[in-house]
Amino acid sequence: QIHPSKFQTMSSSFSTSPESLASSPGSTLLRVPTDNGSNKIRSLRWGILGCGRVSHDFCLAVHSAFGIRDASAPADDKTAPPVIVACASASSASSASSFASRHSIPRSYGSYSALLADPDVDVVYVGTVHRTRLRDATAVISAGKHLVLEKPFALNYEDAVAIVAKAREAGGFCMEGMW
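Residues numbered from 1 in each chain as written. Predicted model: local features only at pLDDT ≥ 70, side-chain atom pairs only at ≥ 80, totals over all residues. Heavy atoms only, no water.

(A) Local environment of the environment of Glu-169. One can find Glu-169 in helix α6 (residues 157-170). When its relative accessible area of 75% is taken as the criterion, Glu-169 is described as exposed. Linking Glu-169 and Ile-141, residues 28 residues apart in sequence, is a C-alpha distance of 9.5 Å. (Helix = DSSP H or I, 4+ residues; strand = E, 2+ residues; numbered from the N terminus. Buried < 20%, exposed > 50% of the residue type's maximum accessible area, 1.4 Å probe, protein only.)

Structure representation (structure tokens):
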């Protein structure tokens, strides 16, 4: 569980008000850090780790579902959709830059560590190759970010247990990307 003094409630759905979600049975809420410690709810800010085909498909799905949002929109706009603010590629900065341009993402990085150090990223979608899932998930969690891992979640049961344990220990959210 995330400590309430550090994080504020953030709805994972933008079609329903956060207030009604909080009161509905079985509701799913995600907590994200606020910039100024206020009680305002703001849109999720996504980072994309890996600039391959599956990350491309994820960006298309987000843009299709919510539209492309201007990253300079007010952070406390409760009606605004999630925004993809950054992406990173392990292969090259130019690959990340090309991906960012194709998907209207304002920032790109040539390394995963640079993306994970970005204070404007709340949750990271990991669309990297399967064999690096444990390493990438551990890096995201260690950076204090929430995590969505593209399927498969892990290579094996032991890796999955380790990822979940690390996320719980850090007080973060993690899930398999079954979008």
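(B) Geometry of the packing of aromatic side chains. Tallied over the full model, the rule gives 2 aromatic pairs. Where Phe-58 meets Tyr-125, the ring centres are 3.9 Å apart and the plane angle is 5 degrees; that geometry is what we call stacked. In this pair, Phe-58 sits in helix α2 (residues 53-66) while Tyr-125 sits in strand β6 (residues 123-126), placing the two residues 67 residues apart along the sequence. Looking at Phe-58, the relative accessible area reads 7%, which means it is buried. Pairwise contacts between aromatic rings join Trp-46, Phe-58 and Tyr-125 into one cluster. (Phe/Tyr/Trp six-rings, centres within 6.5 Å; stacked < 30°, edge-to-face > 60°.)

(C) Just α6, in detail. Taking 1.5 Å as the rise per residue, α6 with 14 residues should run 20 Å; its terminal C-alpha atoms sit 20 Å apart, in good agreement. Considered for burial, the residues of α6 that qualify are Asp-159, Ile-163 and Ala-167. The buried residues of α6 occupy an angular sector of 70 degrees when projected down its axis, which confines them to one face. Projecting away from the buried face of α6 at angles above 90 degrees are the exposed residues Tyr-157, Glu-158, Arg-168 and Glu-169. Those residues of α6 that are buried are in contact with α5 (133-142), β7 (146-150) and β8 (174-177). The opening residue of α6 is Asn-156, an N-cap whose side-chain oxygen sits 3.2 Å from the backbone nitrogen of Glu-158. Downstream of α6 by one or two residues, Gly-171 has phi in the positive range, about 75 degrees. (Expected span 1.5 Å × (residues − 1). Arc of directions from axis to C-beta. Contact = heavy atoms within 4.5 Å. Polar contact = N/O pair within 3.5 Å; in protein donor to acceptor, adjacent residues only side chain to side chain.)

No statement about biological role is implied by the geometric values presented.
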